[in-house]
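Survey of secondary and tertiary structure
Single-letter residue listing:
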Amino acid sequence: MATAQGPLTLFDKVWRNHVIATQADGQQLLFIDRHLVHEGSFHGFNKLKEKQAKVSRPDLTFGIVDHYAPTKVRDLTRVDPAIAGMITQLEENCRQNGLRVYGFNDPRQGIVHVVGPEQGITLPGATIVCGDSHTSTHGAFGAIAFGIGASEVAHVLMTQTLWQKKPKRMRVRFDGKLGPGISAKDMALSMIGRIGADGAQGHAIEYAGTAVAGLSMEGRLTLCNLSIESGARCGLVAPDATTVNFLRGRPLAPKDEIFDRAAEAWLSLVSDGDAEFEREIVINGTDIAPVVTWGISPEDALPITGAVPQPEAIGDEGRAAHAREAIDYMGLRAGMALTEIPVDRVFIGSCTNSRIEDLRAAAAVLSGRKAMVPGLVSPGSSLVKQQAEQEGLDRIFIDAGLEWVDSGCSMCVGMNGDLVPPGERCASTTNRNFKGRQGPKARTHLMSPAMVAAAAVTGRLTDVRDLMGGRA
Amino acid sequence: MKPFTKLEAKAAPLPFASVDTDQLIPARFMKRSRSEGYGQYLLHDMRFDSEGKPISDFPLNAPQREGSEILVARRNFGAGSSREAAVYALVDYGFRCVIAPSFGDIFASNSVNNGLLPARVSEEDAEELLSLLENGHESVFVDLENCEIRVANHVFGFEIEPVWRTKLLNGWDDLDLTASYAADIARYVESDREQHPWLQQLPG
Ligand code: SF4
């Protein structure tokens, strides 16, 4: 196939570097630089066993325990044997295939999308896959990173490659400067509220603009993490000095002169000035208010100053039906102010918002205050936990009345048994407010860590800006 | 994989938007082995009440929908988690085709890898199909060669990625295809070791 000449986007450049072969129908065989596996990858390992095949590149495959990791009891003999079994099964599969494994008792254990960047597994210009949809997170480094299913996991295990059709390119530009108390979570939820949960389907999003350049790596990770909630295949941010500085000294990042050579290559990974995107949207960062979700899809997102929609006012039948279903499931009244919604508990954690900066933002609001409701704080990795404790953040959470627990996916998906009880309403820093996501009949409102902290303090959804006087 | 060309079968309406993969198979069942069959967990918390009794007005529980192989839903079907178990649940239940205005990307690709056809129709056509099913029609004809859906004398076009269409029509498995590129993969790795040593080789 004639390769596109002329101006290229960041995405085109990274993609092009990985194409091994192109079929007449447009499918391309891509080399995969990093493959992350977790407990849920067992279907993939089973397919490998059925074929009596071996892992093609054990050196590029990394096993991480997170989805089922118990966060309150760090002893597998004292938890549900089915959960312990999922963990030991992954550790065993990794051992048999000679993979690096960040196991349950490893001091570096944590959520796969937190550990990857932390360990320097995630690098700019790489292709990264994992049997988890939030793999888009790693795009924050200017990598092409996306979630795959079990059949594809098996394919990557066996060949270190994947057949893909190139997605369309989309640019989302956040101009201006974010206001105080506004974070990457608010940027992402504003975008999803605007374009819909399927608004970016079939596209790779490049995030650009001054508000994105101003984000730390933590913020960029949150932004890219939520790409999948807009239906996008992946999200990317061009590498810059922030990226390079973050990576220097990470255990699996290159060293010495290879690092310098790599850094030079990474910094060249930017979209050419006249590169074309199939779609482009511009959002004014200055206008973004703290955002919360009121419904059962991440697109049901509104500024905290808003109100629950009136389904009768929605023209489209399908959408009005969705709003009615959401209001009913969430136990709300059409037209009520979002700040009138009481919460029963809070959760701070998940690959979206559990990094050190997220914990600091929540602690800044909670410091010297009491939570009106119970809640759980689960750091994104054991190393984040350690750092937070060194900074004394654990004391702030505990003094506020929240539980400070170990690292894992925890209440994001509830596989480890950390669940929101039926009918209860949880203010959560996670990524999905789907029906039953945090437990059967649980009701989830998504928001930033600072906003969750504010909800904890008042016992209802709250504009964190009202609680910030003189803080952070 | 079994090829998919044409299918004439009973269809069930699922008049909801954003039926995500967490609904299709709730997380707590994902520890189970596939050999138990995942069909019993399909849409579990929508189909059954908290005591495990079937909810009588849920469409899939209606006696006339028993044995359905085609599902019609609203937009953003299969959004969310990459769990292929969601597709296993549909397939093990007996579904071979889902018709909806849009699909989660990962779900759609997982479907194709399991011989399940994700057929994309316009939102208006999805509404019309739902209303036909809710008004006495039971059987739907899906023709992948011509990308056409028929219910009695109503005809609807549908879309699917051409790559996926070919794969389903032929029942192809990616692994066979990839095996024929082994030499190209080896050549790629060799040249990438030079160009991007930090990607091909980790320190220590
Ligand atoms: S924290 Fe939640 S979204 Fe992230 S990897 Fe774990 S289960 Fe998936």
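Residues numbered from 1 in each chain as written. Chains lettered and ligands numbered in written order. Predicted model: local features only at pLDDT ≥ 70, side-chain atom pairs only at ≥ 80, totals over all residues. Heavy atoms only, no water.

1. Some points on the confidence of the model for chain B
Looking at chain B as a whole, the pLDDT averages 95, with 100% of positions reaching at least 70. Under the prediction, the complex receives an ipTM of 0.93, its pTM being 0.96. (pLDDT = per-residue confidence, 0-100.)

2. A few points about the nonpolar core
Core analysis: the largest hydrophobic core is formed by 125 residues, its most contacted members being Phe397(A), Phe77(B) and Leu90(B). Looking at this core element by element, the count peaks at 8 residues for helix α15 (residues 449-458) of chain A. Sequence-distant contacts of Phe77(B), defined by excluding residues within four places in its chain, comprise Leu14(B), Val19(B), Leu24(B), Leu71(B), Leu90(B), Val98(B), Ala100(B), Ser102(B), Phe103(B), Gly104(B) and Phe107(B). Judged by nonpolar contacts, the second largest core, of 64 residues, contains Val115(A), Ala126(A), Ile128(A) and Ala140(A). (Core = buried A, V, L, I, M, F, W, Y, C linked by side-chain atoms within 4.5 Å. Buried < 20%, exposed > 50% of the residue type's maximum accessible area, 1.4 Å probe, protein only. Helix = DSSP H or I, 4+ residues; strand = E, 2+ residues; numbered from the N terminus. Contact = heavy atoms within 4.5 Å.)

3. Examining the pairing of strand β6 (residues 148-151) of chain B
Residue and element names in this part refer to chain B. Only one face of β6 is buried: it carries Ile149 and Val151, and the other face, with Glu148 and Arg150, is open. Sheet analysis places strand β5 (residues 139-143) next to β6, joined by 3 bridges and oriented antiparallel. Each bridged residue has a counterpart across the sheet, and for Val142 the counterpart in β6 is Ile149. If you look at the hairpin formed by β5 and β6, you'll find 4 residues sitting between the two strands, and Cys147 has a positive phi there, around 50 degrees. Of the strand pairs in this sheet, β6 and strand β7 (residues 154-157) are connected by 4 bridges, and their pairing is antiparallel. Bridge assignment links Val151 to a residue of β7, and that residue is His154. Hairpin connection of β6 to β7: 2 residues between the antiparallel strands, including Ala152 at a positive phi of 50 degrees. (Pairing = 2+ DSSP bridges.)

4. Some points on the site of the ligand
Residue and element names in this part refer to chain A. As a matter of local geometry, the ligand sits amid His67, Ile111, His113, Asp132, His134, Ser350, Cys351, Cys409, Cys412, Val413, Asn431 and Arg437. Among the residues making up the shell around the ligand, the classes are represented as 5 nonpolar, 5 polar and 2 charged. Both of domain 1 (10-166) and domain 3 (336-462) provide at least three residues apiece to the shell around the ligand. (Near = heavy atom within 4 Å. Nonpolar A, V, L, I, M, F, W, Y, C, P; charged D, E, K, R; others polar. Domains from an automatic or database assignment.)

5. Some remarks on the environment of Phe16(B)
Summarising the element assignment, Phe16(B) is placed in the loop between β1 (6-14) and α1 (21-24). Separated by 103 residues in the primary sequence, Phe16(B) and Ala119(B) have C-alpha atoms spaced 16 Å apart. With near-sequence residues (within four places) excluded, Phe16(B) lies in contact with Glu325(A), Met46(B), Phe58(B), Ala73(B) and Arg74(B).

6. Some points on the packing of aromatic side chains
What the rule picks out here adds up to 15 aromatic pairs over all chains. Ring centres 5.4 Å apart and planes at 70 degrees place the aromatic pair Phe77(B) and Phe107(B) in the edge-to-face group. Of this pair, Phe77(B) sits in the loop between β2 (70-73) and α3 (85-93) while Phe107(B) sits in helix α4 (residues 105-113), and the two are 30 residues apart along the sequence. On the basis of relative accessible area, Phe77(B) is assigned to the buried category, the value being 0%. Three or more aromatic residues joined by ring pairs make a cluster, and in this case those are Phe29(B), Tyr38(B), Tyr41(B) and Tyr88(B). Geometry around Phe246(A) places Arg250(A) over its ring, the cationic atom sitting 3.9 Å from the centre. (Phe/Tyr/Trp six-rings, centres within 6.5 Å; stacked < 30°, edge-to-face > 60°. Lys NZ or Arg CZ within 6 Å of the ring centre and 35° of its normal.)

7. Some thoughts on the interface of chain B and chain A
In this assembly, 60 residues from chain B lie in contact with 74 residues from chain A. A buried area of about 5,300 Å², summed over both sides, lies between chain B and chain A, and 55% of it is on carbon and sulfur atoms. Counting the surface chain B buries against chain A, the share from its top three residues, Lys31(B), Trp198(B) and Leu202(B), is 14%. Our enumeration of links across chain B and chain A arrives at 6 salt bridges. Notably, a salt bridge pairs Arg437(A) with Asp22(B), separated by 3.0 Å at the nearest N-O pair. There are 29 residue pairs in polar contact (both at pLDDT 80 or more) connecting chain B and chain A. (Buried area = accessible area lost by both parts, 1.4 Å probe. Salt bridge = Lys/Arg side-chain N within 4 Å of Asp/Glu carboxyl O. Polar contact = N/O pair within 3.5 Å; in protein donor to acceptor, adjacent residues only side chain to side chain.)

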